Structure formats: structure tokens, C-alpha cells
Amino acid sequence: MNKKGFIFDLDGVIVDTAKYHFLAWQKLAKGLDINFTEKENEQLKGVSRVRSLEKILAWGNKTISDQLFQDLMGKKNEEYLGYIAEMDESEILPDVPRVLQYLKTNKQPISLGSASKNARTILERVHIISDFDAIVDGNDVSKAKPDPEVFLIAAKEINMKPEDCIVFEDSVAGVEAANAANMISIGIGSKDVLGHADYVFNDFTEMSDDFLKFLIEY
């Protein structure tokens, strides 16, 4: 049997924590008198916490001290952690368990490649952490997507060459990172947004077992 490495982003691919990031960032921005809507939030998908706060400050044309910057990042994360502490299996996105089970049954290595520093906590909360052979998150990388670092490390952790890996991503930056890593990129979301991916599906319910078999045998 062929073996490929399957690398999953977390937010927006396995679970929808984007809504919690949005609420936490919105509260922070409001405290700085910066207007922050879902439109701006879309631009933060797949982006590190540091870079996200830098973007929000730039949108509001604000300058703050390094200490306040660090304090705000901590406050945002506390707010976000309060939301994810209440998560359970019901927040796993449709058909994700089926896809993971298919790959496990067919003995394909599975890795997580996420910018989130809370990835392990979230996977534990929704009880699928054991489905992953490796977890690479924001604690393991120094360069944010669209740099391919997170996916290259994720491939190495499951002993796979980059060209033998498939990445599932919901963000523009994530797809760009997968492409830069010379991996097959599969966008989860809108074709209008993720048209630069090799394949795009609205969600995993559209992805058949035959397509997964095709990826394995590709």
C-alpha cells in the first residue's frame, strides 16, 4: 500500500474555533477603540497571535508599548481559553472523524500543522488527540504561515518527504504555505477564496472515500 502524509490545520478545518478568536480579538480591539468586524477577522486566519495583534493595531493606526503589547496578547489568550474550555466533541466539523478513521484504517500517517498554541488543549477537549501521529503547533515554530515551516516540520515528524504530503487548510496563508512546501494543498472553504489550492471542498462531507483513496495512490 502507498503511504502519504496527511497534515491537517486545526482552526476551521477540524473545529471551528475561528468564532472564538473573533470574539476575543473583537473585545480586545474595542478596548483600544478599534473597529473590528468579521471582514478583518478573515485576514487573521492562519496568522500567529503576534502578527494578528500587529495587524489590528495597524488597522486602528495605534502604537503601544512592548509591555502593553505582551499584556494584550495574554488577555486575548485568556479570553479565548475561556471559550475553548467549554468545547466538546459536538464542535468537531462535519465528517472529520470519518476522514481521520479512513486514513487510520489505511495506515496513513497523520499530523497536525497549526499556528495555534492551544492545539493540544483543543484536541484533548474534543477527544481526537489520539488520532494524530504528530502535533506541530505554534509552540514549535518561529515563522508564521505563509512560511511553510510548520508543514515541513509536520512532514518530518511523520517521516514523510514534503512532496508525499497532503495538507488540509481553510486559510489563504495556509494554502500558500502548503504550496510553498511543495505539498498537495486541499482548501476547505470557498473556491472564491481558496482557488489557489490544488483542490477545494466546502467541507469534508463533499470529500468521498474514493477521493481519499486517490490521494493515497497518487
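The model shown is predicted, which means the values in this text are computed figures rather than measured ones. Along each chain, the written sequence defines residue order, and numbers are assigned to residues from 1. The predicted origin of the model limits local features to residues at a pLDDT of at least 70 and limits the giving and counting of side-chain atom pairs to 80 or more, whereas totals for whole chains, interfaces and linings rest on all residues. No hydrogens and no water enter the side-chain calculation; it runs on all heavy atoms of the structure.

## With respect to the pattern of salt bridges
Point 1. Salt bridges are counted wherever a side-chain nitrogen of Lys or Arg sits within 4 Å of a carboxyl oxygen of Asp or Glu. Counting across every chain of the model gives nine salt bridges.
Point 2. One salt bridge connects K19 with E91, and the closest N-O pair in it is separated by 3.6 Å. Remark: E91 occurs in the loop between α4 (66-84) and α5 (96-105) and K19 occurs in helix α1 (residues 18-31); sequence separation between them is 72 residues.
Point 3. E54 is paired through a salt bridge with R51; the nearest N and O atoms lie 3.3 Å apart. Of this pair, E54 and R51 both sit in helix α3 (residues 49-59), separated by three residues, roughly a single helical turn.
Point 4. Given a relative accessible area of 36%, E54 falls into the partly exposed group.
Point 5. For R51, a relative accessible area of 39% translates into the label partly exposed.
Point 6. What you see here is one network of salt bridges that share partners, running through D9, K145 and E169. Secondary structure is summarised from DSSP: a helix means a run of H or I of at least four residues, a strand means a run of E of at least two, and numbering begins at the N terminus for each. The classification of residues rests on relative accessible area computed with a 1.4 Å probe and restricted to protein chains. Under 20% of the type maximum is buried, over 50% is exposed, and intermediate values are partly exposed.

## Examining the nonpolar core
Point 1. Counting residues in hydrophobic clusters, the biggest one holds 38 residues, and the most contacted among them are F8, I14, F132, F168 and I186.
Point 2. Residue contributions to this core peak at five residues, all from α5.
Point 3. Each domain span listed reflects an automatic or database assignment of domains. Formed jointly, this core draws a minimum of three residues from each of two domains, domain 1 (5-16 + 93-217) and domain 2 (17-86). To qualify as a nonpolar core, a set must consist of buried Ala, Val, Leu, Ile, Met, Phe, Trp, Tyr and Cys residues joined through side-chain atoms within 4.5 Å.

## Remarks on the environment of N202
Point 1. Structurally, N202 can be placed in the loop between β6 (199-201) and α10 (209-217).
Point 2. In the structure, N202 is positioned 11 residues away from K191 in sequence and 7.9 Å away in space, judged by C-alpha atoms.
Point 3. Separated by 2.9 Å, the side chains of N202 and E206 make a polar contact. Definition of a polar contact: a pair of N or O atoms within 3.5 Å, with one able to donate and the other able to accept a hydrogen when the atoms are protein atoms, and with sequence-neighbouring residues admitted only if both atoms are side-chain atoms.

## What to know about the environment of N139
Point 1. With respect to the helices and strands, N139 occurs in the loop between β3 (134-136) and α7 (149-157).
Point 2. For the pair N139 and D95, spaced 44 residues apart in sequence, the C-alpha to C-alpha distance is 28 Å.
Point 3. At a separation of 3.2 Å, a polar atom in the side chain of N139 contacts the main-chain carbonyl oxygen of K117.

## Notes on α1
Point 1. Helix span, expected: 1.5 Å multiplied by one less than the number of residues in the helix. In this model α1 runs 20 Å from its N-terminal to its C-terminal C-alpha over 14 residues, within 8% of the 20 Å that 1.5 Å per residue would give.
Point 2. For α1, the full list of buried residues reads A18, Y20, H21, F22, A24, W25, L28 and A29.
Point 3. Of the surrounding elements, those touching the buried residues of α1 are α2 (38-42), α3 and α4.
Point 4. Backbone geometry just after α1 places D33 at a positive phi near 60 degrees. Whether two residues are in contact is decided by their heavy atoms, any of which lying within 4.5 Å being enough.

## Here we look at the domain arrangement of the protein
Point 1. Domain annotation for the protein reports domain 1 (5-16 + 93-217) and domain 2 (17-86).
Point 2. In this structure, domain 1 and domain 2 have C-alpha centres spaced 24 Å apart.
Point 3. Contact with domain 1, which involves 14 residues of that partner, is made by 15 residues of domain 2.
Point 4. Taken together, both faces of the contact between domain 1 and domain 2 bury some 1100 Å²; the carbon and sulfur share is 50%.
Point 5. Considering only the side of domain 1, the residues that lose the most area to domain 2 are D16, N118 and R125, jointly responsible for 40% of the buried surface there. Buried area is understood as the total, over both parts, of accessible area removed when two parts are fitted together, assessed with a 1.4 Å probe.

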